[in-house]
Amino acid sequence: MKNSKSFFFFLCLLTFLCAGNVQAQKNNNNLIQGQVTTRDGSPAAYSTIKLSNGRSARVDKEGRYTFRDLTPGTYVVTVSFVGLPEQSQTLSVAVGESAVADFVLSADGKTLDEILIIGQKYAITSKKESDYVARLPLKNLENPQVYSVVDKELIKEQMALTLEESFRNVPGAAPSKTGAGMPSFFSRGFQTSENFRNGMATYLRTGIDLAQVERVETIKGPTSTLFGAQMTSFGGIVNYITKKPYETFGGEVGYSMGSWDMNRLTADINAPIAAEEGLLFRVNLARQKENTFQDQGNNATVLIAPSLSYQVNDRLKLSLDADFYSVKGITPAGWMIDPKLGKTSFDQLHLDYRQSLNDNSLVSRQSSSNILFQADYKLSDQWQSQTKYAWGGGSYDDLYIFDMIWKTDSLVNRILRTFTDEESARKNFQQNFIGDFKIGQFRNRMVIGLDYTSNYRKTRYDGLGYGGEVFAPAQLYNLPATPVIRIEDVNAVLAKRNTGQNVTKEASYSAYVSDVFNVTDRLSAMASLRVDRFISEGVTNTLSRKQSGNYNQTALSPKFGLVYEVLKDKVSLFANYMNGFKNVPGYLDPTTSIYQVFKPQRANQLEGGVKVELSDVFNATASYYNIDVTNSIRVDGTSRIQDGKQKSKGFEVELIGKPFTGFNYVASYGYNDNEFVNGAAAGKRALGTPEHVFNIWASYALTNGRAKGLGLGVGNSYISKAFLDAANTFTLGAYNLLDATVFYNRPKYSIRIKANNVLDKKYWVSDGYYARPQKPFNFMASVAYKF
């Protein structure tokens, strides 16, 4: 009996295992498979296949793919390849059966090879598409506003590391940098130093490392209607888009080295947590250290930028991304001139270009952080909700900036601006309702939005030398006799001071609406309006307990535009009127310690032009603009004076082309004529603004043969002269920057070498306050592995 029970148990177990094996075989047969080819029959390796249940896979070298162990049901299968339109098929999987979905891409094998080797720069038309410029689903040809896009492929090819380097591809933009190192540029006669991140506010206290950036958008003209007044410039704004996670595992690690002991390590890792459930993760990392070309100075940076997204269902998507960036090093001194100097350029002054008059003990520590949460919800086929919350913060854990004021050609006052601690934060909440609907036969695309922004800043500032000499001036003809200013000397001075912190609090409450109305399928009109309530609590000093500069302002900002497509989807004529306003932050004069409060500035822009998009061969934008500004601010020594009007007009041209396989170019020219038309500065140009800016970058890569992937890139930037003083007597000379790269790109790795400033030009850039000498000839080499 015992043996019979054992035999019965063994028989049941065997039956169960066999049944399980049969079921496993049945489940194994529940599959979707297929092949992806190009239109000339070549396998489309490296394409991505996605299922509607969230699963994804890469097509193999033979162009085949397989999804196994599927639950019986209906699936949508989608194939995608960078730069090409997606294709989808719907099919059903029954128990124990397989389904087949084959695809033929709209490009040939040669084109796919080109994309794999040199990237998607050839996709000239699609790269202009943006979800941020109009906050609406508008194509470039449909948008009456001018904007430029610098994509990651161009950034890689140029081996650009910082945001200001990308500005060399923007029509009419002259790169600059603020005193503390935040990236900025001059455009259309105005400077912008605030930067948007994924369409939301930041509060940077550092530069921006391009390791985390997918693309850089520059939106031209007054943009207050959609982007508010606190961070906009009348010349345009910068909106950089960060890298987002995708469905398959992959990434890239790279190492770079270069002049002045530059060493840089980067990693871009995309690791889906549960791709089938729509939970994706990506992180970008960068670590860099570099000395300066001058006798003193160094810099070390660290970037950590994670990004998480979750497709909850077919209606709701959540995303959370952040970046944390720290900088430790010596802040380059800012060069200034005394109004009585009597010289017209730095070339006439007695100082070696490589002398800094700084000291490596004055280590500044700066950091910036950004966090963005976004929820996208599909309300209906016509409407969607977009909810975004951003927090941006920065700090100085000590910031030391020398103001080197040239008194004579041989004597320089050394004044040290010290921020011995600072904390800043900006919160930005935004709710958008975006619609694409018809009223009768007329199509409308509309955004209705609410926007709340608050600013907080707490800083302790001392100007060591303003109001009385603290450090001995530098004697340029006898530098060995000039005392070195070390951190111990600075701390000794600060220890005798009892400086309170200045706390600034501001907030704005805004609502806006923008509608694009299609009169016909070729003629459309845009009408937009923003109302903004700005509330400033002014500045409170923690030592004196005094509050100053509190005020409130309310402003309306309209915007109108017309677009007519002369050739549908190819050529359009556009015109716009934009009224921008800018809440000007208060300014603490370091000489008088008086806190200045300013009225909001106003700008009215009229612009017209043409846009051309000829598939993947040619893209062009040309426009003429005229901007009038009231309540302009001019710089007079350490003071800011608001007493005039400013007029700025000019034209810009951007050309992007691919005349033949492997060859790409980006070229632009900007002309700007600006002047103050009344007040003490009447007839003078704004500081730092060049009249002419010309940029070109061209590259060629072999796309077949044994050396395919080998390429060369050459670029030149010309910036005409600009003025450093309000009297327009002291000139920053014009300069040409010639750069060149040699690269070897393969699907799995790349090798790049770049020479910057090949002609070894000496040049200075200004932010309208300081001027700083820039790098002479230098080189960089990098290697990267893709997985």
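Residues numbered from 1 in each chain as written. Predicted model: local features only at pLDDT ≥ 70, side-chain atom pairs only at ≥ 80, totals over all residues. Heavy atoms only, no water.

Colleague: Would you mind going over the overall build of the chain with me for this structure?
Modeller: Within the chain, the secondary structure is distributed over six helices and 47 strands. Taken against the 2.2 N^0.38 rule, which gives 28 Å for 787 residues, the C-alpha radius of gyration of the chain at 29 Å falls within 12% of a compact globule. Counting only C-alpha atoms and orienting by the principal axes, one finds that the chain spans roughly 110 × 70 × 60 Å. A total of 787 residues make up the chain; the buried ones form 54% of that total. Intrachain contacts of the chain at a sequence separation of at least 6 include 67% that bridge at least 24 residues. Surface summary for the chain: the accessible area is close to 33000 Å², and the carbon and sulfur share equals 57%. Averaging the locations of the 87 positively and 75 negatively charged side chains of the chain gives two centres separated by 1 Å. (Helix = DSSP H or I, 4+ residues; strand = E, 2+ residues; numbered from the N terminus. Rg over C-alpha atoms; globule rule 2.2 N^0.38 Å. Buried < 20%, exposed > 50% of the residue type's maximum accessible area, 1.4 Å probe, protein only. Contact = heavy atoms within 4.5 Å. Areas by Shrake-Rupley, 256 points an atom, 1.4 Å probe, with all protein chains shown as cover. Lys, Arg positive; Asp, Glu negative; His and termini not counted. Charge placed at Lys NZ, Arg CZ, Asp CG, Glu CD.)

Colleague: Would you mind showing me how to read helix H6 (residues 487-495) here?
Modeller: Note that an α-helix has 3.6 residues per turn; residues three or four places apart therefore point the same way. Among all positions in H6, only Ile487, Val490 and Leu494 are buried. Considered in projection along H6, the buried side chains sweep an arc of 60° and stay on one side of the axis. The secondary structure elements touched by the buried residues of H6 are strand E24 (399-408), strand E25 (411-439) and strand E26 (442-464). (Arc of directions from axis to C-beta.)

Colleague: I keep staring at the sheet that holds strand E2 (residues 48-51) and nothing clicks. Help me out?
Modeller: Whenever strands of a sheet pair, they do so through backbone hydrogen bonds, lying parallel or antiparallel. If you trace the four strands from one edge of the open sheet to the other, you get E3-E2-E5-E6, paired in antiparallel fashion. Each edge of the open sheet is held by one strand with a lone partner, namely strand E3 (56-58) and strand E6 (87-93). Across the sheet, the mean angle separating the axes of adjacent strands is 20° when strand polarity is ignored. Looking at chain direction, E2 and strand E5 (residues 73-80) are connected through four bridges and run antiparallel. (Pairing = 2+ DSSP bridges. Axes fitted to C-alpha atoms, helices over the stretch in contact; angles between N-to-C directions.)

Colleague: Where do I start with the sheet that holds strand E13 (residues 195-197) in this structure?
Modeller: Judged by pairing direction, the sheet is mixed, and its four strands sit side by side in the order E9-E14-E15-E13 without closing on themselves. Edge strands, defined here as strands with exactly one partner in the open sheet, are strand E9 (147-151) and E13. The sheet shows a mean angle of 20° between the axes of neighbouring strands, direction not considered. As paired elements, strand E14 (residues 213-220) and strand E15 (residues 236-242) share seven bridges and run antiparallel to each other. Within E15, the residue paired with Val213 across the bridge is Thr242.

Colleague: I'm lost on the pattern of salt bridges in this one. Help?
Modeller: Once the charged atoms of two side chains with opposite charge are near each other, the side chains can pair. Inspection of every chain in the model, using the stated rule, returns 32 salt bridges. When the shortest N-O distance is used, the salt bridge between Asp268 and Lys243 registers 3.7 Å. A residue pair is termed long-range when its members are at least 10 positions apart, and Asp268 in strand E17 (residues 262-270) and Lys243 in the loop between E15 and strand E16 (250-258) qualify at 25 residues. Take Asp268: its relative accessible area is 12%, and that puts it in the buried class. Exposure remark for Lys243: the relative accessible area of 13% places this residue in the buried category. Note that Asp359 is salt-bridged to Arg486, the shortest N-O span being 3.4 Å. Taken as a pair, Asp359 in the loop between strand E21 (334-337) and strand E22 (364-378) and Arg486 in the loop between strand E27 (474-475) and H6 lie far apart in primary sequence, 127 residues in all. (Salt bridge = Lys/Arg side-chain N within 4 Å of Asp/Glu carboxyl O.)

Colleague: Would you mind going over a nonpolar patch on the surface with me for this structure?
Modeller: Taken together, the side chains of Val253, Tyr255, Met257, Leu265, Tyr749, Ile751, Val758, Leu759, Phe777, Phe779, Val783 and Tyr785 present a nonpolar region at the surface, about 1000 Å² in accessible area. Counting only elements with at least two residues in the nonpolar patch, the list comes to E16, strand E44 (749-756) and strand E47 (778-786). With respect to the secondary-structure elements, Val783 resides in strand E47. (Patch = residues over 30% accessible without salt bridge, like charges linked within 9 Å, V, L, I, M, F, W, Y side chains within 5 Å.)

Colleague: So what exactly am I meant to see when it comes to the packing of aromatic side chains here?
Modeller: To describe a pair of aromatic rings, one takes the distance between the centres and the angle between the planes. One pass over the structure, following the stated rule, counts 30 aromatic pairs. Counting every residue linked through ring pairs, the aromatic cluster contains Trp260, Phe293, Trp335, Phe346, Tyr353, Trp406, Phe730 and Trp764. Directly above the aromatic system of Tyr625 lies the positively charged group of Arg188, at a separation of 4.3 Å from the ring centroid. (Phe/Tyr/Trp six-rings, centres within 6.5 Å; stacked < 30°, edge-to-face > 60°. Lys NZ or Arg CZ within 6 Å of the ring centre and 35° of its normal.)

Colleague: Got a minute to help me understand the confidence of the model for the chain in this structure?
Modeller: Low-confidence regions, as indicated by low pLDDT, have predicted coordinates that should not be scrutinised in detail. Scored by pLDDT, the chain comes out at a mean of 90, with 94% of its residues at no less than 70. Within the chain, helix H1 (residues 2-28) has the poorest average pLDDT of any element, 43, and E17 the best, 98. The low-confidence segment residues 4-27, where pLDDT is below 50, has three contacts with residues more than four positions distant or belonging to other chains. (pLDDT = per-residue confidence, 0-100.)

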